[in-house]
Amino acid sequence: MSVSRRQFLALGGLGVIGAAGALALPLSTVGASSASRLSDRDMPRPYQTAFSQAPLLQPYQTGIDPADGAPVNSYLVTAMAASAAILPRLRTPILSYNGTFPGPTIKVERGTKAVLRMRNQLPAKHPIDDHLLSISTHLHGSASLPQFDGYASDVSQQGFRKDYKYPNFQAARTLWYHDHAVHNTALNVYAGLAAQYHIHDPQERQLLPQGAFDVAMTVSDAIFAANGTLAYDDREQSGLWGDVMLVNGKPWPVMKVQRRIYRFRILNACISRSLRPMLSTGDAVTIVATDGGLMPKAQSVVSWRHASAERYEVLIDFRKYAVGKRIELRNLSNENNRDFDNTNKIMAFDVVGAPVDTSDPTWNTIPTTLAASEVMSLTQAQSTKTRRWRVKRDDVTNVWRIGETAAAGTWAGVVASGFRNVIANPELGATEIWEFENSSGGWFHPIHTHLVDFQILSRNGRAPFPYEVGPKDVVYVGEGETVRLLMKFGPHRGKYMVHCHNLPHEDHDMMVQFSVGLADGAVDANDPINAAKPTWDDGL
Ligand code: C2O
Ligand code: CU
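Residues numbered from 1 in each chain as written. Chains lettered and ligands numbered in written order. Predicted model: local features only at pLDDT ≥ 70, side-chain atom pairs only at ≥ 80, totals over all residues. Heavy atoms only, no water.

1. A few points about the overall build of the protein chain
The condition is simple: A run of H or I in DSSP becomes a helix once it reaches four residues, and a run of E becomes a strand once it reaches two; helices and strands are each numbered from the N terminus. The globule rule used here is 2.2 Å times the number of residues to the 0.38 power, and the radius of gyration it is set against is calculated over C-alpha atoms. Any residue under 20% of the maximum accessible area for its type is buried, any over 50% is exposed, and the rest in between are partly exposed; the area is computed with a 1.4 Å probe on protein chains only. Contacts are assigned to residue pairs that have any heavy atoms within 4.5 Å of one another. Shrake-Rupley sampling with a 1.4 Å probe provides the accessible areas, and residues are treated as covered by the protein chains on show and by no other component. Charged residues are defined here as Lys and Arg on the positive side and Asp and Glu on the negative side; His and the ends of the chain fall outside this count. Lys charges are placed at NZ, Arg charges at CZ, Asp charges at CG and Glu charges at CD.
Scanning the protein chain from N- to C-terminus turns up six helices and 32 strands. Taking 540 residues into account, the globule formula puts the C-alpha radius of gyration at 24 Å, and the protein chain, at 22 Å, falls close to it. By its C-alpha atoms, the protein chain is 65 × 55 × 50 Å across when sized along the principal axes. Going through the 540 residues of the protein chain one by one, you find that 61% of them count as buried. Of the contacts formed within the protein chain by residues at least 6 apart in sequence, a portion of 77% connects residues at least 24 apart. Carbon and sulfur atoms form 52% of the exposed surface of the protein chain, whose accessible area is close to 19,200 Å². Seen as two clouds, the 53 positive and the 52 negative side-chain charges of the protein chain have centres 3 Å apart.

2. Focus on the packing of aromatic side chains
We count it as follows: Ring pairs are drawn from Phe, Tyr and Trp, using the six-membered ring of Trp, whenever the two centres fall within 6.5 Å, and their geometry is named by plane angle: stacked under 30 degrees, edge-to-face over 60, tilted for the rest. Any Lys NZ or Arg CZ found within 6 Å of a ring centre and within 35 degrees of that ring's normal is scored as a charge over the ring.
With the rule as written, the count across this model stands at 25 aromatic pairs. Their ring planes at 55 degrees and their centres at 5.1 Å tell us that Phe318 and Phe349 sit as a pair that is tilted. Within this pair, whereas Phe318 is found in the loop between strand 20 (311-317) and strand 21 (326-331), its partner Phe349 is found in strand 22 (residues 345-351), the two being separated by 31 residues in sequence. A single burial state applies to Phe318 and to Phe349, both of which are buried. Summarising the aromatic geometry, the rings of Trp411 and Phe419 are spaced 6.5 Å apart at their centres and angled 55 degrees between planes, so their arrangement reads as tilted. Residue classification places Trp411 among the buried residues on the basis of a relative accessible area of 0%. Here the aromatic residues Phe213, Tyr262, Phe264, Phe318, Tyr321 and Phe349 are joined through ring pairs into a cluster of three or more. The ring of Phe213 carries the charged tip of Arg260 above its face, separated from the ring centre by 3.9 Å. Looking at Arg305, its charged tip hangs above the ring of Tyr476, at a distance of 3.8 Å from the centre.

3. What to know about the coordination of the copper ion (ligand 2)
What counts here: Listed donors are limited to N, O and S atoms within 2.8 Å of the metal, widened to 3.2 Å for Na, K and Ca; water is not among them, so incomplete-looking sites are possible.
Within the protein, the atoms that donate to the copper ion (ligand 2) are His445 (ND1), Cys500 (SG) and His505 (ND1), at distances of 2.0 to 2.1 Å. Here the donor residues of the copper ion (ligand 2) share one chain and are spaced in sequence as H-x54-C-x4-H. In this pair, His445 sits in strand 26 (residues 445-449) while His505 sits in helix 6 (residues 503-507), placing the two residues 60 residues apart along the sequence. With relative accessibility at 0%, the residue His505 sits in the buried group.

4. Considering the pairing of strand 21
Moving residue by residue along a regular strand, the side chains alternate between the two faces of the sheet. How we decide: Between any two strands, pairing holds if DSSP finds at least two bridges.
Inspection of the sheet shows strand 17 (residues 277-279) paired to strand 21 by three bridges, in the antiparallel sense. When the sheet's bridge partners are listed, Leu279 is paired in strand 21 with Leu329. Summarising the sheet, strand 21 and strand 22 pair through five bridges and their orientation is antiparallel. Looking at strand 22, one finds that Glu328 is bridged to Ala348.

5. Section: the sheet that holds strand 5 (residues 106-109)
Condition: Only the contacting stretch of a helix is used when fitting its axis, a line to C-alpha atoms as for every element, and angles between N-to-C directions run 0 to 180 degrees.
Read across the sheet, four strands follow the order 5-10-9-7 without closing on themselves; strand pairing throughout is mixed. Each edge of the open sheet carries a strand with a single partner, namely strand 5 and strand 7 (137-140). Across this sheet, the average inter-strand angle for adjacent strands is 20 degrees, counted without regard to direction. Here strand 9 (residues 173-179) runs beside strand 10 (residues 194-200); their pairing, made up of six bridges, is antiparallel. Note that in strand 10 the partner of Trp176 across the bridge is Gln196.

6. A look at the domain arrangement of the protein chain
Convention followed: What fixes the domain bounds is an automatic or database domain assignment. A simple way to read buried area is as the amount of 1.4 Å-probe accessible surface that goes missing from two parts once joined, with both sides added. Salt bridges are defined by distance alone: a side-chain nitrogen of Lys or Arg within 4 Å of a carboxyl oxygen of Asp or Glu. Polar contacts, as used here, are pairs of N or O atoms within 3.5 Å; protein pairs need one atom able to donate a hydrogen and one able to accept it. Residues neighboring in sequence count only if both atoms are side-chain atoms.
Parsing the protein chain into structural domains produces domain 1 (8-202), domain 2 (211-363) and domain 3 (374-516). Each of domain 1 and domain 3 has a C-alpha centre, and the two are 25 Å apart. Listed per partner, the contact involves 25 residues of domain 1 and 27 residues of domain 3. Taking both partners together, domain 1 and domain 3 bury about 1,800 Å²; carbon and sulfur atoms supply 59% of that area. Considering only the side of domain 1, the residues that lose the most area to domain 3 are His140, Tyr151 and His183, jointly responsible for 32% of the buried surface there. Connecting domain 1 to domain 3 are one salt bridge. Between Arg173 and Asp453 there is a salt bridge, and its shortest N-O distance comes to 2.9 Å. At the boundary of domain 1 with domain 3, the tally comes to 18 residue pairs in polar contact (both at pLDDT 80 or more).

7. Thoughts on the pattern of salt bridges
Tallying each qualifying case throughout the model produces 37 salt bridges. Note that Asp40 is salt-bridged to Arg45, the shortest N-O span being 3.1 Å. With relative accessibility at 61%, the residue Asp40 sits in the exposed group. Several salt bridges converge on common partners, so that one network encompasses Lys107, Glu204, Asp214, Arg263, Arg265 and Glu313.

8. A short note on the environment of Lys256
Positionally, Lys256 belongs in strand 15 (residues 254-257). Overall, the relative accessible area of 63% leaves Lys256 in the exposed class. When the C-alpha positions of Lys256 and Gly353 are compared, they lie 9.7 Å apart, and in sequence the two are 97 residues distant. Those residues in contact with Lys256 that lie beyond four places of it in its chain are Tyr262, Asp350 and Val352.

Put into structure tokens, the structure is as follows:
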């Protein structure tokens with residue numbers, strides 16, 4: 001793997017649109033107010049675009065699983081090059097799921113299984129750095145079997161497809177599916193391979209707004225070259241900080257809202273940037289769900305720290321605002337982000353006078369007690385083991401890692417071991433405490449565990465923030481912080497990844513694996529690469 005690969009390249013054309021050849025960006029943008037090289041008239045400005053959401057994906061087939069009688073929805077997603085209307089005057093070539101940026105949202109009922117057929121119809125190579133566009137798709141937040149979990153090295157090459165089976169037995173939550181291709185996740189997700197996925201259940205339906213008032217909000221940032229293509233600069237693999245904030249693929253959009261309570265499923269899909277959202281009025285919002293679904297208790301907060309891949313479901317109460325008022329969702333930012341002129345804004349809400357349907361009880365209800373969950377009911381006394389890792393950048397090789405050695409602490413090390421090296425091997429059903437210490441100096445790392453939700457026990461020995469007292473699968477490990485997590489390993493045996501969700505960190509090479517309930521040398525029935533191989537896509 002290259003260690004100091006500088007990428008000042010721009011998406012130069014996806015075959016359909018765009019000129020060939022890379023555009024060089026200046027080396028340093030320190031102190032600059034923008035990173036994009038768009039001309040003044042092509043540069044988007046805040047609050048000029050209408051808010052919209054990704055399309056909903058309907059199943060192409062529904063049926064019953066003969067094994068257990070559960071309903072099964074089948075979805076078809078084609079990974080393909082497309083172009084998106086992100087900027088006011090220019091088209092932007094993207095890599096996409098089904099042609100949109102972000103990809104289509106999938107909604108399923110808890111207990112309905114899903115089979116997602118992912119077809120790789122991408123161009124052979126990524127336009128930014130020419131890497132081969134082999135893909136792996138991860139449903140982030142799902143306890144999927146290892147062979148359907150988007151294991152980084154379980155890739156589908158161009159022209160192949162894979163049927164991913166998702167159990168959807170977990171409580172209602174906001175998930176997202178995104179590319180996870182080995183060492184190329186950052187570039188692939190940045191170019192557009194990301195989308196939301198929601199599991200609904202009766203408890204959540206009763207407590208929280210639904211339908212038009214249950215709003216997906218996928219936030220990302222981007223840098224644009226002068227011709228409207230996406231530009232990429234990961235600053236020596238430390239992170240990409242765009243100057244254009246996008247919500248569902250639109251720059252700083254404006255949403256018309258009624259005078260009622262709305263639910264927003266806020267996904268930070270920036271590949272590196274962390275957010276600190278806050279309303280321009282200074283009014284509090286109510287956090288009701290974290291990554292793994294409903295929290296035990298709703299939390300009223302004025303702002304919160306929100307890293308890549310974290311999901312917070314947030315109620316915003318527009319009842320008290322006058323018709324015609326504009327409320328902005330601002331971004332106060334956090335340490336070690338790079339901010340530009342308008343990265344302190346995310347989107348805005350314009351209050352309109354449309355009549356509110358008061359027969360829907362969620363219009364004016366802010367619940368306080370929400371839901372118990374297995375993970376939030378775990379106690380430290382149940383833990384049978386405490387494991388600790390330091391996360392850092394290697395002083396010599398400059399590669400990010402988890403733990404003390406590159407052999408176990410990087411994905412290159414995992415690959416070199418024939419996928420045998422693991423950082424931990426809990427028993428099936430074991431409860432453990434995992435501690436991550438950020439000893440990398442001036443960086444923050446959103447650490448993500450596959451398969452399991454966890455409870456955050458402490459940060460630097462103190463209680464976690466009130467808004468993160470809920471089921472989590474990503475934890476913000478800030479500068480100089482040590483977090484302790486409590487989790488129970490199951491329900492599947494097998495190998496699963498753990499990594500930093502700052503995607504340039506993940507790719508270089510802050511990703512490792514653990515195994516659940518596998519004895520040394522035992523045959524792994526759910527081998528993540530061999531148990532369900534991609535097949536040639538005959539188009540049927
Ligand atoms: Cu959102 Cu391993 O990923
Ligand atoms: Cu990191």
